[in-house]
Amino acid sequence: MERTGLKLTDLSDKELVDLALQQNQAAFIVLYTRYNAGVKNHISKYIAQAEDKEDVALESFQKAFSQISSYNPEFKFSTWLYRIARNTALDHISKRDREKNNLPTTSISDTLAEINDMAAAMHNPEDDIIKQQEYDKWMTNIEKLKDDYRIVARMNLIDHFGYKEIAEQLDLPINTVKTKIRRAKAQLLKMMEMSDELQ
């Protein structure tokens, strides 16, 4: 679908999902922007802490985008996305409660989630974005980030290091790494959106 006069923001969820399935990175950004507030609001029913809410929202979008081919267009996209957000929030709560009560934090669902995360790390929208013709634009924008954000963005988005690996390499607390990556991604999304509008 060509962008002849029609802005991506004018498209329906179904049209955006069709574009996202073709790895159109701008479609992912529009879906993220369209539902970010709604997802956070939905997560608020289960999680009170602002930082946890941010992490769970971001994780929900990552899960949804890595599994977007499993979305059934017979249902509303928002319903599907909010269900993923709810499950991610409940996983987050149960893991935190297990840690609090000194119970094992790994379970079958966690192990499956790790396998899914590994699969997502091997093939997710960010990987596809970087592999596509947009590579140079992403690289340019990553280089424009402030030093600490640029380093974690490179390690996470280009070298595919996980939070734990980045924390160990940079000798930083894992929560600091999560915050920096979250902020770097938010800045990159804005920069990509701006450069997309200028075209």
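Use the structure listed above.
> It is not clear to me how the overall build of the protein chain should be interpreted in this structure. Could you clarify?
Across its full length, the protein chain carries 10 helices and zero strands. If you list the helices and strands of the protein chain from N to C, you get α-α-α-α-α-α-α-α-α-α. For the protein chain, the proportion of its 199 residues judged to be buried stands at 40%. A fraction of 57% describes how many contacts in the protein chain between residues 6 or more apart in sequence connect residues 24 or more apart. With an accessible surface of roughly 11,700 Å², the protein chain has 52% of that area assigned to carbon and sulfur atoms.

> What is the right way to read the packing of aromatic side chains from this model?
In this description, a pair of aromatic rings is defined by centroid distance and the angle of the planes. Taken as a whole, this structure holds eight aromatic pairs when the rule is applied. On the basis of an interplanar angle of 50° and a centroid distance of 5.6 Å, the ring pair of Tyr-35 and Phe-77 is categorised as tilted. Of this pair, Tyr-35 sits in helix α2 (residues 25-43) while Phe-77 sits in helix α4 (residues 77-100), placing them 42 residues apart in sequence. The buried category is assigned to Tyr-35, whose relative accessible area is 12%. Taken together, the ring pairs in this structure connect Tyr-35, Tyr-71, Phe-77, Trp-80 and Tyr-82 into an aromatic cluster.

> Help me understand unusual backbone geometry in this model?
Trans peptide bonds make up most of the peptide bonds, and negative phi angles are found at most residues other than glycine. Positioned with a positive phi, Gln-23 is a non-glycine residue whose angle comes to about 65°. The backbone of Asp-171 sits at a positive phi, close to 55°, despite the residue not being glycine.

> I tried to follow the environment of Leu-172 on my own but got confused; where do I start?
Turning to its location among the elements, Leu-172 is positioned in the loop between α9 (163-170) and α10 (174-198). What makes Leu-172 partly exposed here is its relative accessible area of 28%. Residues in contact with Leu-172, not counting those within four places in the same chain, are Ala-167, Val-177 and Lys-180.

> Would you explain the nonpolar core in this entry?
Burial of nonpolar side chains together is a common tendency in soluble globular proteins. Membership of the largest hydrophobic core comes to 42 residues, with the highest contact counts inside it found for Val-39, Ile-43, Ile-68 and Phe-77. Looking at this core, the elements that each hand over two or more residues are α1 (13-21), α2, α3 (50-66), α4, α7 (135-144), α8 (147-158) and α10. Beyond its immediate stretch of four places on either side in the chain, Ile-68 contacts Val-17, Ala-20, Leu-21, Phe-28, Leu-31, Phe-77 and Trp-80. With six residues, the next largest nonpolar core counts Val-152, Met-155, Ile-166 and Val-177 among its residues.

> What should I look at first to understand the packing of α1 against α2 in this one?
Think of two packed helices as two axes; the pair is described by the angle between the axes and how far apart they sit. Two numbers describe how α1 lies on α2: the axes approach to 8 Å, and their chain directions differ by 140°. When the axis of α1 is compared with that of α2, the two are oblique. Both α1 and α2 take part in a crossing whose hand is left-handed. When α1 is examined against α2, the residues Asp-13, Leu-16, Val-17, Leu-19 and Ala-20 are found in contact with a partner set consisting of Ala-27, Phe-28, Val-30, Leu-31, Arg-34 and Tyr-35. Residue composition of the contact of α1 with α2, grouped by class: nine nonpolar, no polar and two charged.

Here is what the cut-offs are and how they apply
- Residues numbered from 1 in each chain as written.
- Predicted model: local features only at pLDDT ≥ 70, side-chain atom pairs only at ≥ 80, totals over all residues.
- Heavy atoms only, no water.
- Helix = DSSP H or I, 4+ residues; strand = E, 2+ residues; numbered from the N terminus.
- Buried < 20%, exposed > 50% of the residue type's maximum accessible area, 1.4 Å probe, protein only.
- Contact = heavy atoms within 4.5 Å.
- Areas by Shrake-Rupley, 256 points an atom, 1.4 Å probe, with all protein chains shown as cover.
- Phe/Tyr/Trp six-rings, centres within 6.5 Å; stacked < 30°, edge-to-face > 60°.
- Core = buried A, V, L, I, M, F, W, Y, C linked by side-chain atoms within 4.5 Å.
- Axes fitted to C-alpha atoms, helices over the stretch in contact; angles between N-to-C directions.
- Parallel < 35°, antiparallel > 145°, perpendicular 65-115°, else oblique.
- Left-handed = near helix turned anticlockwise from the far one by under 90°.
- Nonpolar A, V, L, I, M, F, W, Y, C, P; charged D, E, K, R; others polar.

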